[in-house]
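A look at the structure
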Amino acid sequence: MLWLTWRQFRAQAITAVSALVALAVLYGVTGVQLAHLYHASGLAGCHPRADCGRLASTFTSQLGPHYKVLLDLGTVVVYLVPALIGVFWGAPLVAREIESGTFRLAWNQSVTRRRWLAVKLAVVGLAAMATAGLLSLIMSWWAAPIAQASQIPGSTSFPMGAAGRLDPLVFGSEGIAPIGYAAFAVALGVAAGVLIRRTVPAMATTLAGFAAVQVVWPLLVRPHLISPAKVITRVNPNSNNIGLTFNANGTLTINSSWHQPGAWLLSNQTITPDGKVFRGANSKACSNPNNFHACTNWLASQHLRQLISYQPASRFWAFQWYETAIFIVLAAALAWLCGWLITRRGAA
Amino acid sequence: MTAGSAAPEGRPPGTPPAAAPGELPRRTPPALDARGLGKRYGRRWALADCTLTIPAGHVVGLVGPNGAGKTTLLNLATGMLEPTTGTVEVLGGAPASGADQLAKVGYVAQDTPVYAGLTVAEHLRLGAELNPGWDDELARGRIERLGLDQKLKAAKLSGGQRAQLALTLAIAKRPELLILDEPIARLDPLARREFLQLLMEATAEQELTVLMSSHLIADLERTCDYLIVLVAGRVVLAGQVDDLLASHHLLTGPRRDPATLPADQQVITASHVGRQSSLLVRTDKPVHDPAWTVANVDIEDLVLAYLSRAASA
């Protein structure tokens, strides 16, 4: 069974290895240059209290525009590869056999359907996980100098990588999470193929389904995997960090800026002493735009608090492990479903 | 459907003597044993209430018009389909229930599927990798005799060659039961004869039961010693060819109402032309009535009679 699976998967495997080699060369060469620049900047041995911020700013400003392109390209590739794997490896795995009728040949050899599927899923799933893992490793290594520079407090100008590794646009392209995504994408593709039984519609469904998960997950699920850290501070209406917005409906919104390097900000609200969100209604003192002082005095009398909910940068690896484990469990559940479907429902 | 059921009386050939007291009785299980088997697609029954026992050791022809349920029955027997009603056992086990069961049954589906991207040699490798009982010598010998280029991809083979390749895979796994869905339809006359010859050889040298569907009655006549006629999802006739031929007679004589025949004579078809009646009857007793001219029937007469009876019913 292993031989047949490999023989059927050979062409795709060769494509994947070629693409990996090409990317490894591109990012290997530029990555060595990047590491060299980082080393030359002196950031590695800087004193946290004195010059790290300045050195980090100098380092990031030295990077040419092509590094920005490479960084963005790498991020896109790491995000795209699990989706492509699900579409081109997962969806056709069983659907093509059903469509072309070859399942009737395969399922009448002396190998049970369950084992037939298990070997196929194992070979393709492991190859997918290895591909995604290697890509992520290359990209994480390549971007490490930029990520380190962006973590340093006081480095003010970040042309790139400012968001931090927990940012939804960055998180899924680093660490071990892509391994989980790849496993899930393969299983999703196979399940779509088993259910739809036609290759091209299964591929389209896989793409749509995987994209939906990748959008919905960081918005609705990931923030709650670990309960967010919260900070409550007093709002000082005279501070420079405060922005006032007078809304068209007569209400007032306070925007208090907040920054912690590498943290993922989930919500930033102004609350009243009784714990409700401050909407700024009935603020007559603020109705006259020319008397700004009256307005800030009134705001100060409201004893407003700023409630910040966030995930600190230190939780990056905890999130990575949780997410990888969850997606691998989801993949296993889908694989089990596929096994159940092909043994229960005859496909003839 | 009990009229067409064909449970053999007494011990089938090859059955060991009755077990000693205290031992579990050991019998050769029938090649196929269906009880109330049915398969429904939506509101249409592709196969309905099929009760059928096929003893091992025969070359069984499954005949019926298109859409009669032949492929459905074969797909149920190989576990490619789950029955809607009833049960089916093949060689004493549930179809496709495990690797051992799969090893015992060879199946060539109607469209003789092969992997388009794999060469002939790779198909033989596939057979060797996936079947513990693989007979490589047999497979290679057959491919050589067919003159198939082993380096050729299956996509480049003709329909007949693809069928031969699929058959080779099914035979070389050395099954106890070989199930073939319309195997001859795609073969040219020479390949057809070669294939039927090979089947005869295979059944002679190993304990092989063959269950093949066909609508070509002439081909079945030469090879099959057991016959099943399937019409509109129901078994209308099943039994050993010799028994069937011995128990059916064509009676011709003066015009007569079939209802006046002796009780043991079952009329299958009757036609009345002018003053003459022509009846095909089934009976286990000899026909003594001197008014009749009694003639033997051949398989084709028999099959056509049952098909036309089912069509007019």
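All values reported here derive from a predicted model rather than from experimental measurement.

The next point concerns the overall build of chain B. Regarding its fold elements, chain B presents nine helices and 13 strands. For chain B, the C-alpha radius of gyration of 22 Å lies close to 20 Å, the compact-globule estimate for 313 residues. Projecting the C-alpha coordinates of chain B onto the three principal axes gives extents of approximately 70 × 55 × 45 Å. For chain B, with 313 residues in total, the buried portion stands at 49%. The long-range fraction of contacts in chain B, counting pairs at least 24 apart against all pairs at least 6 apart in sequence, stands at 67%. Summed over its atoms, the accessible surface of chain B is roughly 14600 Å², and 52% of this surface lies on carbon and sulfur atoms.

Time to look at the pattern of salt bridges. For the structure on display, the rule yields eleven salt bridges over all chains. Put simply, lysine 68 of chain A and aspartate 72 of chain A hold a salt bridge, and the shortest N to O gap is 3.7 Å. Taken as a pair, lysine 68 of chain A and aspartate 72 of chain A lie in helix 3 (residues 65-100) at a separation of four residues, close to a single helical turn. Classification of lysine 68 of chain A by relative accessible area gives partly exposed; the value is 34%. Note that aspartate 111 of chain B is salt-bridged to arginine 104 of chain A, the shortest N-O span being 3.6 Å. Within this pair, whereas aspartate 111 of chain B is found in the loop between strand 5 (105-108) and helix 3 (120-130), its partner arginine 104 of chain A is found in helix 4 (residues 103-106), the two belonging to separate chains. Residue class for aspartate 111 of chain B comes out partly exposed when judged on its relative accessible area of 29%.

Another point: the domain arrangement of chain A. Residues and elements named next belong to chain A. By the assigned domains, chain A splits into domain 1 (2-226 + 315-344) and domain 2 (229-313). Tallying the contact residues gives 14 residues for domain 1 and nine residues for domain 2. Here domain 1 meets domain 2 over a buried area of about 940 Å², counting both sides, of which 58% is carbon and sulfur. Here domain 1 and domain 2 share zero salt bridges between them. Connecting domain 1 to domain 2 are six residue pairs in polar contact (both at pLDDT 80 or more). Those elements giving two or more residues to the side of domain 1 that touches domain 2 turn out to be helix 5 (113-151) and helix 10 (316-344). Split into classes, the residues belonging to the side of domain 1 that touches domain 2 amount to nine nonpolar, three polar and two charged.

For the rest of this paragraph, the subject is the interface of chain B and chain A. Each partner contributes to the interface: chain B provides 31 residues, whereas chain A provides 25 residues. Roughly 2400 Å² of surface becomes buried between chain B and chain A when both sides are summed, with 60% attributable to carbon and sulfur atoms. Looking only at chain B, the three residues that lose the most surface to chain A are Met80, Tyr115 and Leu130 of chain B, adding up to 31% of its buried area. At the junction of chain B with chain A, the criterion picks out two salt bridges.

Right, let's get into the domain arrangement of chain B. Residue and element names in this part refer to chain B. Under the domain assignment, chain B is made up of domain 1 (32-240) and domain 2 (244-312). Of note, the centres of domain 1 and domain 2, computed from C-alpha atoms alone, are 34 Å apart. Each side of the interface is counted separately: domain 1 has twelve residues, and domain 2 has twelve residues. Summing both sides of the interface, domain 1 and domain 2 together bury roughly 1100 Å²; the carbon and sulfur share of this comes to 81%. When the area that domain 1 buries against domain 2 is broken down by residue, the three leading residues are Ile217, Glu221 and Leu237, summing to 47%. Connecting domain 1 to domain 2 are zero salt bridges. Our enumeration of links across domain 1 and domain 2 arrives at one residue pair in polar contact (both at pLDDT 80 or more). Mapped onto the side of domain 1 that touches domain 2, the elements with two or more residues apiece are helix 7 (217-223), strand 8 (226-231) and strand 9 (234-240). Grouping the constituent residues of the side of domain 1 that touches domain 2 by class yields nine nonpolar, two polar and one charged.

About the cut-offs
- Residues numbered from 1 in each chain as written.
- Chains lettered and ligands numbered in written order.
- Predicted model: local features only at pLDDT ≥ 70, side-chain atom pairs only at ≥ 80, totals over all residues.
- Heavy atoms only, no water.
- Helix = DSSP H or I, 4+ residues; strand = E, 2+ residues; numbered from the N terminus.
- Rg over C-alpha atoms; globule rule 2.2 N^0.38 Å.
- Buried < 20%, exposed > 50% of the residue type's maximum accessible area, 1.4 Å probe, protein only.
- Contact = heavy atoms within 4.5 Å.
- Areas by Shrake-Rupley, 256 points an atom, 1.4 Å probe, with all protein chains shown as cover.
- Salt bridge = Lys/Arg side-chain N within 4 Å of Asp/Glu carboxyl O.
- Domains from an automatic or database assignment.
- Buried area = accessible area lost by both parts, 1.4 Å probe.
- Polar contact = N/O pair within 3.5 Å; in protein donor to acceptor, adjacent residues only side chain to side chain.
- Nonpolar A, V, L, I, M, F, W, Y, C, P; charged D, E, K, R; others polar.

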